[in-house]
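Each chain, written out:
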Amino acid sequence: MPTPTGPHRTGVTTLYLVDRSRRDPWDPAIPVRELMATVFYPARTVHGFPVAPHMTTGAAKAFNDIDVHVHRLPGSGVNWAATATHSYTNAPAQAVRRPVLLYSPGGGDPRTLGTGIAEELASHGYAVVTIDHPGDGSEVEFPLTTSYRHEKVRETVFRGDPRTDADQFRTVIETRIADTCFVLDQLAVLATGRNPDVTGRAVPEDLGRALDLRRVGIYGHSAGGTTAAEAMYEDRRIRAAVNLEGYLDHTPETPGRAGQLFPVARYGVDRPLLLLGSEGFDGKEADQQALELSWAAMLAHQRGRTCRRRIDRAMHWVFTDYAVMAPQLQAAGLMSAADRVGLVGTIDPDTSVAEVRHHVRSFFARHLPSRCRRPQ
């Protein structure tokens, strides 16, 4: 994993959250909506705390069974559970209020693939919360089983691209937005000194005091980018958003016709939005056209709060940890050049990581500066 460039060492912890007001949309046997989230934050000290792994053992095993085949990654020769992050598990947080940034991963992707950007932002003074969307994400490992979920690792229900199914894509985005708003609610609980984790596991010291929920941003990749833009439109608590190559229209009900724009693209938004894309977006021609049309509609609004940028020589997954993983796998002879290019493009990882970090970090630095605020 690339080393964060900020002045702060980072701590990390996970939260198991349960929304009892909603049933799970993907499995009728689950009467509640379970979520897993990871919080990265500037640590007061990391001495004596273990470095967190990139993936848990259970998630890594499922990753090898699912994601490897979807993205043409090597099925052997890699221990996916062995990669270390640069964050320290349950280290105490700095007791100063930090802007809070939420992250929603791509459709069918786990939250762990956004670790690199999350650590970078946390090292520069943000509290970053990455969210898994169970049933959608490829694999989600929970801390325990339940009477309605008999395995700790829950795998995706997708058997193809949800973008090709209008009803499924609508459910994806609606569920993710509801997940995001619920996580924000639970962070408010944490900020008051209570523990929202359903298991009652202790949270890191002063973590609640590190959350400034008056300064909330969101970013996401692909379906997560769609979620970020629309969640900001629907939830006034969110003050800025970054869409990393996510559509701003629904899947067309009738093939060959344009999909209905999401409200954020139809009506515009009065808060800052960054549309960050890649030169080689890898969708079909109709998908590329849909992305362009929906982004053009967003940019056409006269409020002037939306901007667009592009990463050259890059492909769709350059906004994830694949940006550094794929070149390393190619260099080790475990991944072909064609598969690496199809995933992240020809761009050198040092360049791509620096560019993506720059765009995301500078956007939030401009609109949600990470100035310290002492808790009252």
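Up top is the structure.
Criteria and thresholds
Residues numbered from 1 in each chain as written. Predicted model: local features only at pLDDT ≥ 70, side-chain atom pairs only at ≥ 80, totals over all residues. Heavy atoms only, no water. Buried < 20%, exposed > 50% of the residue type's maximum accessible area, 1.4 Å probe, protein only. Helix = DSSP H or I, 4+ residues; strand = E, 2+ residues; numbered from the N terminus. Pairing = 2+ DSSP bridges. Axes fitted to C-alpha atoms, helices over the stretch in contact; angles between N-to-C directions. Parallel < 35°, antiparallel > 145°, perpendicular 65-115°, else oblique. Contact = heavy atoms within 4.5 Å. Nonpolar A, V, L, I, M, F, W, Y, C, P; charged D, E, K, R; others polar. Salt bridge = Lys/Arg side-chain N within 4 Å of Asp/Glu carboxyl O. Core = buried A, V, L, I, M, F, W, Y, C linked by side-chain atoms within 4.5 Å.

1. Here we look at the pairing of strand β9 (residues 211-221)
Alright, step 1. Most of β9 sits out of view: nine of its 11 residues are buried.
Alright, step 2. In terms of strand pairing, strand β5 (residues 98-104) meets β9 through seven bridges, oriented parallel. Directly across from tyrosine 103, in β9, lies its bridge partner tyrosine 219.
Alright, step 3. Sheet topology note: the β9/strand β10 (residues 238-244) ladder contains six bridges and is parallel. Directly across from glycine 220, in β10, lies its bridge partner asparagine 243.

2. Structural notes on the packing of helix α8 (residues 322-331) against helix α10 (residues 349-367)
How two helices pack is summed up by the angle between their axes together with the distance between the axes.
Alright, step 1. At a minimum axis separation of 9 Å, α8 and α10 run at an interaxial angle of 175°. Here α10 runs roughly antiparallel to α8, going by the angle between their axes. Of the residues in α10, those touching α8 at Ala323, Val324 and Pro327 are Pro349, Ser352 and Val353.
Alright, step 2. For the contact of α8 with α10, a count of residues per class yields five nonpolar, one polar and no charged.

3. With respect to the sheet that holds strand β4 (residues 84-89)
Alright, step 1. Here 10 strands make up an open sheet; going across it, the order is β3-β4-β1-β2-β6-β5-β9-β10-β11-β12 and the pairing mixed. A single partner strand is all that each edge strand has here, and the edge strands are β3 (51-53) and β12 (306-311). Each neighbouring strand pair of the sheet contributes to a mean axis angle of 30°, computed without reference to strand direction.
Alright, step 2. In the sheet, β5 pairs with strand β6 (residues 127-131) via four bridges, with the strands oriented parallel. Along β6, the bridge assignment pairs valine 100 with alanine 127.
Alright, step 3. Seen against the sheet, helix α3 (residues 115-123) touches β1 (10-19), β2 (33-42), β4, β5, β6 and β9 and runs at an angle of roughly 45° to β2.
Alright, step 4. Packing against the sheet, α10 makes contact with β5, β9, β10, β11 (273-278) and β12, and its axis sits at approximately 165° to β10.

4. Concerning the environment of histidine 358
Alright, step 1. Positionally, histidine 358 belongs in helix α10.
Alright, step 2. Overall, the relative accessible area of 46% leaves histidine 358 in the partly exposed class.
Alright, step 3. Sequence separation between histidine 358 and aspartate 136 is 222 residues, and the spatial gap between their C-alpha atoms is 29 Å.

5. A word on α3
Alright, step 1. Of all nine residues in α3, nine are buried, a share of seventy percent or more.
Alright, step 2. Residues Thr115, Gly116, Ile117, Ala118, Glu119, Glu120, Leu121, Ala122 and Ser123 constitute the buried set of α3.
Alright, step 3. Backbone geometry just after α3 places glycine 125 at a positive phi near 100°.

6. Some words on the pattern of salt bridges
Alright, step 1. For the structure on display, the rule yields 26 salt bridges.
Alright, step 2. Residue arginine 237 pairs with aspartate 185 through a salt bridge whose shortest N-O separation is 2.8 Å. Residue arginine 237 is found in the loop between α5 (223-234) and β10, and its partner aspartate 185 is found in helix α4 (residues 166-191); the two are separated by 52 residues along the sequence.
Alright, step 3. For arginine 237, a relative accessible area of 32% corresponds to the partly exposed category.
Alright, step 4. Each of the salt bridges in this network shares a partner with another, and the network as a whole consists of Asp19, Arg22, Asp24, Arg33, Arg154 and Asp179.

7. As for the nonpolar core
Alright, step 1. Counting 52 residues, the largest nonpolar core has Val100, Leu102, Val129, Leu187, Leu248 and Met298 as the members making the most contacts within it.
Alright, step 2. Per element, the largest residue contribution to this core is nine residues, and it comes from α4.
Alright, step 3. With near-sequence residues (within four places) excluded, leucine 102 lies in contact with Val129, Ile131, Thr180, Leu184, Leu187, Gly217, Ile218 and Tyr219.

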